[in-house]
Amino acid sequence: MLIKRTGDLKTSEITPEHLYLNRRDFIRGASAAGIGLASSLVFPDSARSDDRWPRGKKGPYDSDEEVNTFKDITTYNNFYEFGVDKSDPAANSAGFQPKPWTVRIDGDVKKPATYNLEDFIKPYKLEDRIYRMRCVEGWSMVIPWRGFPLSDLLKKVEPTSRAKFVTFETVYRPAQMPGQKQRFLEWPYIEGLRMDEALNPLTLLAVGLYGKDLPTQNGAPLRLVTPWKYGFKGIKSIVKINFTDKEPRTTWNISAPGEYGFYSNVNPEVDHPRWSQKSERRIGEFFKRKTLMFNGYADQVASMYAGMDLRKNF
Ligand code: MTE
């Protein structure tokens, strides 16, 4: 994300080869463009549906857009601990051990504790939620996450009145995460949210996707999901959750403060210095689509930023 200037990008990173070669998606793109080849006429359902999560709005938080395939979601990733190319996380993470796992809750909180993952998750009701996800690099996906609202955890551990922010830290294991042997970024990866963002009902701690445990490349065994923010806020493989009164530094902000702010809300009006944010390419689709304010979640989140200058607070 940071370390490659536009001129360095290989064509495969701008539009992966399989998009050009994938006949099904070409046909779908053609029909979207009004060329008139409805994909259902060309392919029987069994040939088109592959491993897709069933379509359709179910819960109040679900997107009704078509979800990406399990393959898209698990082979086109950003997880710099395993390398900087989109295929690196899937290719280099086989040696990573997400079990056993502990999560430390600390800072301005009434019930600090260290949990093993099973005990950490046990009190919460897991839900499947279909969210639109938008990466700052200009691609997007629709992902059926499995997890529980971060607000449920906050109710249980009880942040004190001093706590204004919550921070998250990824595991540091260079022996299992080859990218951590190089200084692409400062390790461990850290992220943070303001307390009202953490309490927003959309904010999930995810433990799975497609109804299965999280694959390593997607942040096993525990990651953050904030669908109205650019994807890099969604910190993976979390081992520490800390409550604090000060706005925390975050990994990408430390790397390039002029490019990545603390808020990182999806905003088509404010371009990143190297990428327009006005439109996006949904992985698996041929044509670009418009990016929506707060990634389409304005009704649920815009009020948290009322009165803030979103150009300054990017
Ligand atoms: N978390 C950690 N620890 N390390 C990372 O490099 N990359 C971020 C985010 N979380 C990253 C991370 C970025 S840039 C994006 S776009 C999303 O993870 C990608 O999530 P996905 O691969 O599950 O789609």
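None of these values were measured; they are calculated from a predicted model.

Q: Sorry if this is basic, but what is going on with the sheet that holds strand β5 (residues 165–170) here?
A: The pairing of strands in a sheet happens through backbone hydrogen bonds and is either parallel or antiparallel. The sheet built from five strands is open, its strands ordered β2-β1-β10-β5-β6 with mixed pairing. Because the sheet does not close on itself, it has two edges, and the strands there are β2 (113–116) and β6 (190–194). Across this sheet, the average inter-strand angle for adjacent strands is 15 degrees, counted without regard to direction. The pairing of strand β1 (residues 102–107) with β2 spans four bridges and is antiparallel. Its bridge partner lying in β2, Thr102 is registered against Asn116. Sitting on the sheet, helix α9 (residues 150–157) touches β1, β2, β5, β6 and β10 (238–244), and the angle it makes with β10 is about 60 degrees.

Q: I keep staring at the pattern of salt bridges and nothing clicks. Help me out?
A: Where charged atoms of side chains with opposite charge meet at close range, the side chains can pair. Evaluated as defined, the whole model comprises 24 salt bridges. Here Lys122 and Asp119 are joined by a salt bridge, their closest N and O atoms 3.4 Å apart. In this structure Asp119 comes out as partly exposed when scored by relative accessible area, which is 35%. The partner of Glu197 in a salt bridge is Lys229, with the nearest N and O atoms 2.7 Å apart.

Q: Teacher, can you tell me more about the site of the ligand here?
A: In the neighbourhood of the ligand, 16 residues make up the surrounding shell, with Asn77, Tyr80, Glu81, Arg223 and Lys236 lying closest. Arg223 is positioned with one of its side-chain polar atoms (N or O) 2.7 Å from an oxygen atom of the ligand. Assessed atom by atom at 2 Å from the grid points, the ligand resides in the largest cavity. Here the residues of the shell around the ligand are counted per class, giving seven nonpolar, six polar and three charged.

Q: What is the right way to look at the side chain of Arg129 in this model?
A: Within the fold, Arg129 resides in strand β3 (residues 127–134). Arg129 gets classed as buried once you look at its relative accessible area, which sits at 3%. There is a polar contact of 2.9 Å between the side chain of Arg129 and the backbone oxygen of Pro201. Sequence-distant contacts of Arg129, defined by excluding residues within four places in its chain, comprise Tyr61, Asp62, Ile143, Pro144, Trp145, Pro149, Pro201, Leu202 and Leu204.

Thresholds applied
- Residues numbered from 1 in each chain as written.
- Predicted model: local features only at pLDDT ≥ 70, side-chain atom pairs only at ≥ 80, totals over all residues.
- Heavy atoms only, no water.
- Pairing = 2+ DSSP bridges.
- Helix = DSSP H or I, 4+ residues; strand = E, 2+ residues; numbered from the N terminus.
- Axes fitted to C-alpha atoms, helices over the stretch in contact; angles between N-to-C directions.
- Contact = heavy atoms within 4.5 Å.
- Salt bridge = Lys/Arg side-chain N within 4 Å of Asp/Glu carboxyl O.
- Buried < 20%, exposed > 50% of the residue type's maximum accessible area, 1.4 Å probe, protein only.
- Near = heavy atom within 4 Å.
- Polar contact = N/O pair within 3.5 Å; in protein donor to acceptor, adjacent residues only side chain to side chain.
- 1 Å grid on protein atoms, 1.4 Å probe; cavity = no way out; pocket = protein on both sides within 12 Å on 5 of 7 lines; lining within 4 Å.
- Sits in = over half its atoms within 2 Å of the grid points.
- Nonpolar A, V, L, I, M, F, W, Y, C, P; charged D, E, K, R; others polar.

Purely geometric stuff here, so don't read any function into it on its own.
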